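Read off the chains here:
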Amino acid sequence: MFSTKNLSPRQLSAFTAFVLAVPVSLLVYFVEKKWLWALGAFVVIAGGSYLLISFVLERFIYRKIKLIYKFIYRTKATRKEETYYKYILPQKSIDEVREDVEAWAAENEEEIAMLRRNEQYRKEFLQNLSHEFKTPVFAIQAYVDTLLQGALSNPEVNKKFLEKTSRNVDRLTNLLNDLDEISSLERGELILYKQNFVIQDLVKEIYESLSLIAEANQIHCSIKKGCESPLTVFADQEKIRQVITNLVENSLKYSKKGGSITASMYKTDGKHILVEISDDGIGISEKHLPRIFERFYRTDEGRSIDVTGSGLGLSICKHIIEAHGQTIHVRSRESIGTTIGFTLDTRRD
Ligand SMILES: Nc1ncnc2c1ncn2[C@@H]1O[C@H](COP(=O)(O)OP(=O)(O)OP(=O)(O)O)[C@@H](O)[C@H]1O
Ligand SMILES: [Mg+2]
């Protein structure tokens, strides 16, 4: 159907000129009864009004629209684009121009929202970072000051203060290492050295290396019954060691005395293996679950149990697993326990 809605300016001028010329030439024909006169009147009125209307549209409306286009396409126009603005653009209908401007506005709105989110993220990051650094630095400062003010010659406290200073220096070192790790992960610089290895063997090695801490807390670490038969995965063994160590350390930290930690591994389909570390510790309440993989994010319960953690462990785990093209997820319930699972590729020959 013919519609006047989506006409380009030239079509619009031609249409209006036609609408003007037809009745006038008909009138001339009825008055003069000479069809040549009527034709002449039609040509003169149609041609004249076409030129006049297109001039007015071009001069007062489309020039301004072209200016708007220059603003919304921020990059400087090339010669080809200039030609486009000059000769092709005026062919667009007002409706198409409106759509272009609306699309531009939506795109900008999205960009602004993203910038706002990033700004918020940056603020939180700096706040967290300074907080994490402040605590050990102030502690070191206090111990050193006390030692210098005379405690150094007091054999009862000097060693204890030096040990505490050393522990805080360790904490700073760990924090710096974690930050270093996370910034290189976020820059996408992680190079994976993938190989085939048996996941159960790796879990046993990690249990072994953390056995002193586990014994001190009377926590029993095991591999779930039925999951003992060796499963070979294809991944970067050292990076996955770091992930499982972080998860088991968390389970050790956030479990009660006498608790237990269980590792389970399953073949999900022909291509993937699911590894899960479960504990029956304090658990994580539902409101915290969506955020625990964010850097520096810690629950209040977590903070009150472990004052030295920085909240970077799980976010490092997530980066490593995602660099493998896999996923990591959490299931947890307060006072019941936590399970964190991730997938890996099965062996590759
Ligand atoms: N197994 C778990 N049980 C209960 N809460 C957990 C468990 N694992 C993680 N959390 C919660 O998630 C938070 C984030 O864990 P994450 O490992 O990232 O940091 P962290 O252990 O506090 O510090 P870091 O690992 O950097 O030393 C913890 O502070 C804790 O509140
Ligand atoms: Mg941790």
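Residues numbered from 1 in each chain as written. Chains lettered and ligands numbered in written order. Predicted model: local features only at pLDDT ≥ 70, side-chain atom pairs only at ≥ 80, totals over all residues. Heavy atoms only, no water.

### Quick look at the overall build of the chain
Using the following cut-off: Elements are defined by DSSP. Helices are runs of H or I of four residues or more, strands are runs of E of two residues or more, and each kind is numbered from the N terminus. Both definitions apply: the radius of gyration is a C-alpha atom measure, and the globule rule equals 2.2 Å times residues to the power 0.38. The classification of residues rests on relative accessible area computed with a 1.4 Å probe and restricted to protein chains. Under 20% of the type maximum is buried, over 50% is exposed, and intermediate values are partly exposed. Throughout, a residue-residue contact means that at least one pair of heavy atoms, one from each residue, lies within 4.5 Å. What sets the accessible areas is the Shrake-Rupley method with a 1.4 Å probe; for residues, cover comes only from the shown protein chains. In this tally, Asp and Glu contribute negative charge and Lys and Arg positive charge; neither His nor the terminal groups of the chain are included. Here the site of a charge means atom NZ of a Lys, CZ of an Arg, CG of an Asp or CD of a Glu.
For the chain, the count of helices and strands is 10 helices and seven strands. The C-alpha radius of gyration computed for the chain amounts to 36 Å, which surpasses the reference 20 Å derived for 349 residues by more than 25%, pointing to a less compact arrangement than a globule. Along the three orthogonal principal directions, the C-alpha set of the chain runs to about 125 × 60 × 40 Å. Here the chain, with 349 residues, has 37% of them falling under the buried criterion. A separation threshold of at least 6 residues defines the contact pool for the chain, and within that pool the share at least 24 residues apart is 72%. Total accessible area computed for the chain in this model is approximately 22000 Å², and 59% of it derives from carbon and sulfur atoms. Put simply, the chain has 48 plus and 46 minus side-chain charges, and the middle of one group is 8 Å from the middle of the other.

### A look at the domain arrangement of the chain
Filter applied, for reference: Where each domain starts and ends comes from a domain assignment, either automatic or drawn from a database. What gets called buried area is simply the loss in accessible area from a 1.4 Å probe that two parts show on being joined, summed for both. We define a salt bridge as a contact between a side-chain nitrogen of Lys or Arg and a carboxyl oxygen of Asp or Glu at a distance within 4 Å. Any pair of nitrogen or oxygen atoms within 3.5 Å is treated as a polar contact; in protein, a donor-acceptor pairing is required on top of that, and neighbouring residues in sequence qualify only through side-chain atoms on both sides. Any residue outside Ala, Val, Leu, Ile, Met, Phe, Trp, Tyr, Cys, Pro, Asp, Glu, Lys and Arg is labelled polar, Gly included; the first ten of those are nonpolar and the last four are charged.
You can read the domains of the chain as domain 1 (9-92), domain 2 (103-186) and domain 3 (194-346). In this structure, domain 2 and domain 3 have C-alpha centres spaced 25 Å apart. The interface of domain 2 with domain 3 comprises 15 residues on the first partner and 15 residues on the second. Where domain 2 abuts domain 3, roughly 1400 Å² becomes buried across the two surfaces, and 59% of that area is made up of carbon and sulfur atoms. At the surface where domain 2 touches domain 3, the tally comes to three salt bridges. Residues lysine 239 and glutamate 181 are paired through a salt bridge, measuring 3.6 Å at the closest nitrogen-oxygen approach. Remark: the boundary between domain 2 and domain 3 carries four residue pairs in polar contact (both at pLDDT 80 or more). Of all the secondary-structure elements, those providing two or more residues to the side of domain 2 that touches domain 3 are α4 (94-148) and α5 (158-186). Here the side of domain 2 that touches domain 3 gets eight residues from one element, more than from any other, and that element is α5. Grouping the amino acids of the side of domain 2 that touches domain 3 by side-chain chemistry returns seven nonpolar, two polar and six charged.

### So, the site of ligand 1
Defined as follows: Think of it this way: one heavy atom of a residue within 4 Å of a molecule or strand is enough to make that residue near it. Points on a 1 Å grid over protein atoms alone make up a cavity when a 1.4 Å probe fits among them but cannot get out, and a pocket when they form an open set with protein on both sides within 12 Å along at least five of seven lines; lining residues each have an atom within 4 Å of a point. Pocket or cavity membership: a molecule qualifies when more than half of its atoms sit within 2 Å of the grid points of that site.
The local shell around ligand 1 holds 20 residues, among which Asn250, Asp279, Arg298, Thr299 and Leu314 are the closest. Contact between ligand 1 and aspartate 279: a nitrogen atom at 2.8 Å from a side-chain N or O atom of the residue. Within the backbone of glycine 311, one N or O atom sits 3.0 Å away from an oxygen atom of ligand 1. Burial of ligand 1 by the protein amounts to 94% of the accessible area it has alone, namely 600 Å². At a threshold of 2 Å from the grid points, most atoms of ligand 1 map onto the largest pocket. Ranked by residue count, the leading element in the shell around ligand 1 is helix α8 (residues 237-253), at three residues.

### What about the pairing of strand β3 (residues 232-236)?
Every other side chain in a regular strand lies on the same face of the sheet, so the side chains alternate between the two faces. Put simply, the test is: Note on pairing: DSSP must find at least two bridges between two strands before they are called paired.
Buried residues dominate β3, accounting for five of its five residues. With five bridges joining them, strand β1 (residues 194-198) and β3 adopt antiparallel strand pairing. Across the sheet, asparagine 196 pairs through a bridge with phenylalanine 234, a residue of β3.

### A word on α8
We count it as follows: A helix is expected to span 1.5 Å multiplied by its residue count minus one.
Between its first and last C-alpha, α8 extends 24 Å over 17 residues, near the 24 Å set by a 1.5 Å rise per residue. The buried fraction of α8 is high, at 12 of 17 residues. Within α8, burial applies to Gln237, Lys239, Ile240, Val243, Ile244, Thr245, Asn246, Leu247, Val248, Asn250, Ser251 and Leu252. Capping the start of α8, aspartate 236 holds a side-chain oxygen 3.1 Å from the backbone nitrogen of glutamate 238, two or three residues further along.

### Some remarks on the packing of aromatic side chains
The condition is simple: Here a Phe, Tyr or Trp ring, Trp counted by its six-membered ring, pairs with any other such ring whose centre lies within 6.5 Å, and the pair is stacked when the planes are under 30 degrees apart, edge-to-face when over 60, and tilted otherwise.
All told, the structure shown has four aromatic pairs when counted by the stated rule. For the pair tyrosine 29 and phenylalanine 30, a centre-to-centre distance of 6.0 Å together with 65° between the ring planes defines the contact as edge-to-face. A relative accessible area of 36% means that tyrosine 29 is categorised as partly exposed. When the centroid spacing of 5.5 Å and the interplanar angle of 55° are considered together, the rings of phenylalanine 125 and phenylalanine 296 count as tilted. One end of the pair, phenylalanine 125, is in helix α4; the other, phenylalanine 296, is in the loop between β5 (272-279) and α9 (300-305), with 171 residues separating them in the sequence.

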